[in-house]
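Single-letter residue listing:
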Amino acid sequence: MTTTASIRTRTGPAGNIPPAPALELIELRAAYGRIEVLHGVNLTVPTGTVVALLGPNGAGKTTTLNVIGGALEPRSGCVHVAGVHVNGASPDGLARAGVCRIPEGRGIFPNLTVAENLRMCTYSAALSVAEIEEQSFARFPRLGERRGQLAGTMSGGEQQMLAMARALVSRPGLLLLDEISMGLAPLIVSELYSLVGAMAQDGVTVLLTEQFAEMAMEICDFAAVMIHGRIMHVGQPQDVAGYMSEAYLGGVE
Amino acid sequence: MRAEGNPQGGVVLAVAEVSVSFGGIRALHQVSLEARAGGVTGLIGPNGAGKTTLFNVITGLEKPTQGRVGLGGTDLSGMPPHRRARLGMARTFQRLEVFGSLSVRDNILTGAEFHRSWSRHADDPGSVTEEILDRIGLRAVADLRVDAIPTGMARLVELGRALATRPRLLLLDEPGSGLDENESEELGRLLVDLGEAGMAVLLVEHDVDLVMRISERVFVLDFGRIIASGSSSEVQANPDVRAAYLGTQPADVDDPSGPGGGGA
Amino acid sequence: MSEFLTYTIIGLVTGCIYALTASGLVVTYMTTGILNFGHGAVSMVAAFAYWQLTVEWHVPVLVALVLVVLIGAPVFGALLERLLMRPLQGKPVELQVVVTVGLLIFLLGLANLAWSPAASATRTLPRFFSGHSLKLASVFVDYHSIVVVAVAVAVAVGLRFFFSVSRTGVAMRAVVDNPDLAAMVGARPYRIAQFSWALGAALAALGGVLLAPLQGALNIDLLTLTVILAIVPAVIGRLRSLPLTVAGGLVIGLAVTYAVGYLPPNSFVAKAQTAIPMVILFLALVLLRQERLRSGRVSGMTLARAPSLARSLQAGVLFIAASVLVSELLSGVNLATATRGVVLGIAFLSLVLLTGYAGQVSLGQMTFVGTGAYAMAHLGHHGSLVGALAAMAVSGVLGAVVAVFAVRLRGLYLALSTLAFAYAMDYIFFDQHFGPYGSGLAVDRLHVPGLDTTSDKGFFVLGAVIFAVASIGLLALRRGRYGRRLAALNDSPQACATLGVNIAYTKLAVFSASAALAGLAGALYGGQQHLVTSADFQTFNSLVLLLLVLMGGKNLVSGALATAVLYALFPVLQQHVPSLSNVQYVLVGLGALTLGRYPDGLGGHMTRLRELIADRTGGQTASLTLEGDRLVGADG
Ligand SMILES: Nc1ncnc2c1ncn2[C@@H]1O[C@H](COP(=O)(O)OP(=O)(O)OP(=O)(O)O)[C@@H](O)[C@H]1O
Ligand SMILES: Nc1ncnc2c1ncn2[C@@H]1O[C@H](COP(=O)(O)OP(=O)(O)OP(=O)(O)O)[C@@H](O)[C@H]1O
Ligand SMILES: [Mg+2]
Ligand SMILES: [Mg+2]
C-alpha cells in the first residue's frame, strides 16, 4: 500500500523530528455515493492546540469530522492520528483509542435516560459511573435535575449539554466538536467554550467546526477556512477573520 | 434595520395564561404573550425554558393543562393541528420535520398543494413554489433530495414550505441554527420583508444579534415563565434577562445598563 | 373449585411459556428494533432438534439441552445477526417484517424437508421428570409444569437484573437508539447486536423445548404458531418492558385456558375463541400508544421516478396486447396459473399503493381480498358487475373501519394491528362463512360486455386489462400531488398536520382505496378459482403477499408485475420439476432473506441495470456534482 509506505518514510528515519501532530490530514478526498464532497483536504492539528474549522453551510466540515472519526471511508488520502495511519479504523475502535467526536445535532440516545446516557460514557472514559455523574452534574446542574428523564424529551439545549458531558468525562486525546453552539443560548455557549478552553489547557487537542466564528476565534490557536471541500486558508485567528469577511463579501468561487 | 416607527398591526396571536406540565416538570407556567401583524416578535430564553413547548401548544401538537390560545380573535381550544393551520398559521420545527424523500422543490410544492386543498384563495402551487425558491435562494439545490442537504439548508426548506401556505402567523423555531453568517443575514432580511408584507412572525432563536436586530418586540421566557418583554433595547438592558440568558457582556448594547425594561 | 384450580394451573404454565418466548422477542426488539416473526420457527426447530438428539440418537437430556439451548441456538442467533439482520437495522418496517417472515418460511420449509410431517404422530417428547408430580390443594401438578414456572421466573428475574444493572444491558438499548453514536462512544454495536440475537434465539429454543412436550406429538405448524402468539404479550409489554411482557404472557395463557374450559362448546364464541389472543393484541395496540423518540431526522424512503403518462399508457397497451397473445399460446392449467398471476398482481398493486407509496404496512391484505371474493360470491351471480362493485365497497369499508382504529398507530404497531385484525377475521369470519366445514364458496366470473369471460382466455385478458388500468392509475397518482401527499405523510405526519392536512382522513382514504383494490382482486380471484375456501385468505397468505410485493420492489408497479409473472410461472416449473414443490418454501424464504441486502427487490435490480446501461452509453444521467452550489445570499 502506498499510503502506509508514505507514513513509514514520514515517521521512520531517526533524527530530530518533532513529535507527530495529534492529527494530520493529507490530500483527503471523500464522497457520498458518487458525489465527491472533499476534494483533497490538507490540515495539521498540532498536539495540544485548538483548531477551528470554519466555513459556510455545506462546505464539508461535518464530512471531514466523519472521515476522521471513522464513520466515512475516504476515497483517497490519509488520516494520521498522533502519527498513526488510521484510515479504515472503526469508529468504536477510534473512540476507545481516545478520539472523541461529538456529532452535529444531538449526540444522545433519545430513549435512554440521562443517567443511562452517561453510563454509556464508561466505554471510553476511564472513570466510574459515579465519577462521571458527579463531574457532569457539577458542570451542568440541569442534567442532575433531570437524571431520570428520557433524553429525547429534553429541550434541544439540554440535549446538547448531555452530549458535551461526554466530551468532558472521556478526557480524550483528540476531541472533535461539530457545531456545538448550534441551538444553544449565548450564556451556555460561552460556558461551553470556556469548558473547551479549559480542556485544551489540560492538554486535550481539539478540532472544532463552527459557522459563527466569533466565539470560536476567542479560544482557538489556529483557524482554517474550508470552502467547497478544500481548505482555503489557515492562520492565526485574526488573519483568518480578515480573510473570512473578505471571502464572504467578495464571494469566493 | 428594525422598522422602529412602523405602526404595528392588530394582534394576530394571543396566548393567555398557558401552563403545561410533563409529569412533575412544569414546562410552562401561566405564559401570556401576543404577536402582532406587520412585524417580527422575538421569543428568547435559555435552553429548556419552554419555547418549543409553547410552539407545540400554539399549533395544537401539545395540550395545555390550562390557558387559551387565540388566532385573530378565534379561540383555538380543543382544535386539532390541521384546523389551526387552516386558520392561517404555519411553523418550522427545531428538530427537522422535512419530507426527506422529496426534492427541495417538491417539499415546497407539497406545502402549496396542501394550501390549495383547503383554501379557496390559493394561487397556482407551481408558480408559488418557483417564487419561493427564488425568494429564499434554494433554486440551486431545488432538485436535490432533502435528506441529502445540510441541516441549515433543510431549515430553509421548512421555512419555504411554511410560506407556501401563505400564513398570517409564522412560527419559526430556531430557523437560523445551521446557517452561516451570510445566510442568517439574508434570513433576517427575509423576515423583515415578511413582516412588512403584513405577516405576524414569532421567532425563537438563539442568535441574539439577529433577534434584537429585527424584532419589534421581544419576550423572554425562563423556567416556563415570561420574565421580561419589551423592545430589544429594553430587554437587553434588563438585568434579569442578562443573568438568565445573555450573560454578563451585553451583546452590542451601548446604553448604560439600568433597570429599564418591563418585567412580566 | 378444583376444576378452576386445574385450569388456572394449566393457564399459568402456558402463560409462563408465552412469557419466556415473548421475553426473547422483546430482547431482540429492544436492542435491534426488529420484531422477529421467525422466532416461533426457531423454537420449533429447536424442539425438533432436541427430539432428534434425545429420542432418536439417545443423547442424554442434559447434554442435549446444552447443545440445543446453550450452543446451537445462540450460534444460530449470532449467525442470523451477521448474515441477515445487520443490513436490516434502521430499514423500513415492512422490510424487517418480511425478512423475518422469510426466515419463518425458510425454517418451516427446512423442517418439512428434515422431519417429514407424514411421520409426525410418532414423534413425541417426554416431559421433564415425567411420572413425578406434586399435590397442590386438590390437584396434581407434574414436575414438568413446575420446571416451566421455575425457568420462567428465573429468566424473568435474570433479564430484569441484566438490563437494569449491567452496562451491556444499557448498551443494548443504546445501540438500537442510535447505532452510529453507540460506536462513537466506543461500544461495539455489532457485537452487542449479535449478543442480543444469540440471547433471543436461546430463549426461543428454551421455550420450544419446554412447550413441545405439552403439545403431544410434535407438530411443525402448531409449535410455530403457538410461539408466534408470543407477539401478543410482547406488545402488551410495549416491546420494551419485560415485567409487563411476563404479565401479558400470564394473562394470555389464562384467558386461552379458561376459554377452552368454560365457553359452551359449539357456540360461535367457542369457535372464535382461538381469536382471543389476537383480539387482545388489537386492543392492546389501540389502547397502549407508544411512539419511540427519535433523534435527528429520518431519511426518506427511496422512490424511483414514475414514468410519464404517455410511457405508462404505451406500456399498458403493450401489456394488454401481449396478454392477448399469451392467452392464445397458453392453455389449460398454465393459462389458469397465468390468470391467477395477474389477478394476484392486482392485489400486489393494492400493497404498492398502501405500503410502497404511503408507507403504511398491512399484514392483513389477504383479508380484504377474501371479503371481496365473499361479496362477489353473494352478489355477483352470473358475473354481475354489482358483485365486483360490492366487492370493492365491502372491502373498502372494512379497510376504513380498520383504519379508524389504526390511524393513530405508526410503523410496526400499525402493521401488527392489521395482523391482529386479519388473524381475528380468520377465525371469526373466514372459518365460518365459507361453506360448511370450509367446503368452499362458489364464485361466478365477472362478466363484461364484449368479452367472453366464461372462457379461460377471455377471463385472463379481462384480468390483464384491469391490471393495466390499475397500474396506469397508480402511476398517475404517484406522479401527481396525491403521490407527493402520501410521501409527505410517510416522512413527517407532524409536519403535514401543521400544514393543514387531516392526516387521519388521508390515512383512512388510502387504506380504504387499497382495500377496495384488494377487494376487486378478490372478486376476480374467486372467479378464476370458481370455488374459494377460507384457506385461500389465511393471514399467513397475507404475509406471503407482502413478501412477494417487496421482492418485486414495493413502490414499483413493474415490480408487482415481475413477481406476479414469477408467481404464475412457479407452478408451471413445478410441474416439470416435481421435486421443486418440496423446496418451494425454502426458495421463497431464501428470496426474502436476500431483501435485507437488496431492499429494492427485483424492480430495484431492473432500475439499476437501466441506469448502468444509461451510464455505459455515455448518458450523464445521475452524476450530480455539488460544486458551486451556492446557497442563500448567492444572489445578494
Ligand atoms: N448523507 C449524505 N448524502 C449525500 N450528500 C451528503 C450527505 N451528507 C452531506 N452531504 C453533502 O455533502 C456536502 C458537505 O456536507 P457537510 O455536512 O460536510 O457540510 P458542513 O460544512 O458540515 O455544513 P454545515 O455547516 O451545514 O453543517 C453538502 O453539500 C451535503 O449536501
Ligand atoms: N415530553 C416531555 N416529557 C418530559 N419533559 C419534557 C417533555 N418535553 C419537554 N420537556 C421539558 O420541558 C422543558 C421545556 O422544553 P422546550 O423544548 O420547550 O425548551 P426550549 O425552550 O425549546 O429549549 P431549547 O432552546 O433548548 O430548544 C424542558 O426542560 C424539557 O426537558
Ligand atoms: Mg456540518
Ligand atoms: Mg426548543
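Caption draft 1: Fine view of the site of ligand 2. As a structural note, the neighbourhood of ligand 2 is formed by 21 residues, with A:R146, A:G157, B:K51, B:T52 and B:T53 the closest of them. More than one chain approaches ligand 2, the contributing ones being chains A and B. A:Q149 has a polar side-chain atom sitting 3.0 Å from a nitrogen atom of ligand 2. Within the backbone of B:G50, one N or O atom sits 2.8 Å away from an oxygen atom of ligand 2. The fraction of the free accessible surface of ligand 2 (640 Å²) that becomes covered by protein chains is 88%.

Caption draft 2: Structural detail: the interface of chain B and chain C. Taken together, the contact between chain B and chain C spans 46 residues of the former and 31 residues of the latter. Both faces considered, chain B and chain C share a buried interface measuring about 3,300 Å² in area, 58% of it formed by carbon and sulfur atoms. Where chain B touches chain C, the interface holds one salt bridge. In this structure, B:E113 and C:R484 form a salt bridge, with 2.4 Å as the shortest nitrogen-oxygen distance. For the pair chain B and chain C, the interface holds nine residue pairs in polar contact (both at pLDDT 80 or more). Of all the secondary-structure elements, those providing two or more residues to the side of chain B that touches chain C are α2 (81-86), β6 (89-91), α3 (104-118), α5 (151-163) and α6 (181-196) of chain B. Looking at the side of chain B that touches chain C, the element that brings in the most residues is α3(B), giving seven residues. Its residues assigned to classes, the side of chain B that touches chain C shows 24 nonpolar, 10 polar and 12 charged.

Caption draft 3: Fine view of helix α7 (residues 156-170) of chain A. Residue and element names in this part refer to chain A. When the terminal C-alpha atoms of α7 are compared, their 22 Å separation across 15 residues agrees well with the 21 Å that a helix rising 1.5 Å per residue should span. By the criterion of burial, α7 is predominantly enclosed, with 15 of the 15 residues buried. Directly after α7, the chain includes R171, whose backbone phi takes a positive value near 40°.

Caption draft 4: Up close: the interface of chain B and chain A. Counting residues at the interface gives 29 residues for chain B, matched by 28 residues for chain A. Contact between chain B and chain A buries roughly 2,200 Å² in total, counting both sides, with carbon and sulfur atoms accounting for 51%. There are zero salt bridges connecting chain B and chain A. Linking chain B with chain A are four residue pairs in polar contact (both at pLDDT 80 or more). The class makeup of the residues in the side of chain B that touches chain A is 11 nonpolar, 12 polar and six charged.

Caption draft 5: Broad picture of the sheet that holds strand β9 (residues 222-227) of chain A. Residue and element names in this part refer to chain A. Taken in spatial order, the six strands make up an open sheet running β6-β7-β8-β3-β9-β10, and their pairing is mixed. Two strands bound the open sheet, and with one partner strand each, they are β6 (99-102) and β10 (230-235). Each neighbouring strand pair of the sheet contributes to a mean axis angle of 15°, computed without reference to strand direction. As defined by bridge partners, β9 adjoins β10 across five bridges and the pair is classed as antiparallel. In the sheet register, M226 faces β10, and the bridge partner there is I231. Here α7 sits on the sheet and contacts β6 and β7 (174-178); the angle it forms with β6, its principal contact strand, is near 165°. Running over the sheet, helix α8 (residues 186-201) touches β3 (50-54), β7 and β8 (205-210) and is turned about 155° from β8.

Caption draft 6: Looking closely at the packing of aromatic side chains. According to the stated counting rule, one finds 14 aromatic pairs over all chains in the structure shown. Aromatic pair C:F162 and C:F195: ring centres 6.0 Å apart, planes at 55°, arrangement tilted. Highlighted residues: C:F162 in helix α5 (residues 143-165) and C:F195 in helix α8 (residues 189-211), separated in sequence by 33 residues. A relative accessible area of 38% means that C:F195 is categorised as partly exposed. The structure contains a cluster of three or more aromatic residues connected by ring pairs, namely C:Y374, C:F429, C:F430, C:Y525 and C:F537. Over the ring of B:F99 we find B:R161; its NZ or CZ atom is 4.4 Å from the centre of that ring.

Caption draft 7: Molecular detail of the environment of B:E216. Along the chain, the position of B:E216 falls in strand β9 (residues 215-222). Note: C-alpha distance between B:E216 and B:G195 (21 residues apart in sequence) is 9.8 Å.

Caption draft 8: A look at the nonpolar core. Counting 190 residues, the largest nonpolar core has A:M120, C:L35, C:F37, C:L363, C:L416 and C:F537 as its most contacted members. Considering every element that reaches this core, the biggest residue donor is helix α15 (residues 332-357) of chain C, with 14 residues. Inspection of this core shows a minimum of three residues originating in each of domain 1 (2-262) and domain 2 (332-604) of chain C. Those residues within four positions of C:F537 in sequence are excluded, and the remaining contacts are C:M366, C:T367, C:V369, C:G370, C:A373, C:D426, C:F430, C:F434, C:Y525 and C:V532. In this structure, A:L177, A:L195, A:A223 and B:V208 belong to the second largest nonpolar core, which totals 102 residues.

Caption draft 9: Up close: the coordination of the magnesium ion (ligand 3). Residues and elements named next belong to chain A. At this site the magnesium ion (ligand 3) is bound by T62 (OG1) and E104 (OE), with donor distances of 1.8 to 2.7 Å. One end of the pair, T62, is in helix α2 (residues 61-68); the other, E104, is in the loop between β6 and α4 (114-119), and 42 residues separate them in sequence. Judged by relative accessible area, which is 22%, T62 ranks as partly exposed.

Caption draft 10: Fine view of the pattern of salt bridges. Residues and elements named next belong to chain B. By the definition in use, this model includes 20 salt bridges over all chains. For R36, the salt bridge identified is with E34, shortest N-O distance 3.2 Å. We classify E34 as partly exposed; its relative accessible area is 26%. Linking R189 and E186 is a salt bridge whose minimum nitrogen-to-oxygen distance equals 3.5 Å. One end of the pair is R189 and the other is E186, both in helix α6 and three residues apart, which spans about a single turn. A relative accessible area of 38% places R189 in the partly exposed class. You can call E186 buried: its relative accessible area is 19%. Through salt bridges with shared partners, a single ionic network connects R105, E130, D134, R139 and D143.

Caption draft 11: A look at the site of ligand 1. Around ligand 1, a shell composed of 17 residues is seen, among which A:N57, A:T62, A:T63, A:E104 and A:Q211 lie nearest. At 2.4 Å from an oxygen atom of ligand 1 is found a side-chain nitrogen or oxygen belonging to A:T63. Contacts to ligand 1 include B:A148, whose backbone N or O atom sits 2.8 Å from an oxygen atom. Across the complex, the protein chains shield 83% of the 630 Å² of accessible surface that ligand 1 would expose by itself. Tallying contributions element by element places α2(A) first for the shell around ligand 1, with three residues. Looking at the shell around ligand 1 residue by residue, the class counts come to eight nonpolar, six polar and three charged.

Cut-offs and rules
- Residues numbered from 1 in each chain as written.
- Chains lettered and ligands numbered in written order.
- Predicted model: local features only at pLDDT ≥ 70, side-chain atom pairs only at ≥ 80, totals over all residues.
- Heavy atoms only, no water.
- Near = heavy atom within 4 Å.
- Polar contact = N/O pair within 3.5 Å; in protein donor to acceptor, adjacent residues only side chain to side chain.
- Areas by Shrake-Rupley, 256 points an atom, 1.4 Å probe, with all protein chains shown as cover.
- Contact = heavy atoms within 4.5 Å.
- Buried area = accessible area lost by both parts, 1.4 Å probe.
- Salt bridge = Lys/Arg side-chain N within 4 Å of Asp/Glu carboxyl O.
- Helix = DSSP H or I, 4+ residues; strand = E, 2+ residues; numbered from the N terminus.
- Nonpolar A, V, L, I, M, F, W, Y, C, P; charged D, E, K, R; others polar.
- Expected span 1.5 Å × (residues − 1).
- Buried < 20%, exposed > 50% of the residue type's maximum accessible area, 1.4 Å probe, protein only.
- Pairing = 2+ DSSP bridges.
- Axes fitted to C-alpha atoms, helices over the stretch in contact; angles between N-to-C directions.
- Phe/Tyr/Trp six-rings, centres within 6.5 Å; stacked < 30°, edge-to-face > 60°.
- Lys NZ or Arg CZ within 6 Å of the ring centre and 35° of its normal.
- Core = buried A, V, L, I, M, F, W, Y, C linked by side-chain atoms within 4.5 Å.
- Domains from an automatic or database assignment.
- Donors = N, O, S within 2.8 Å, 3.2 Å for Na, K, Ca; no water.

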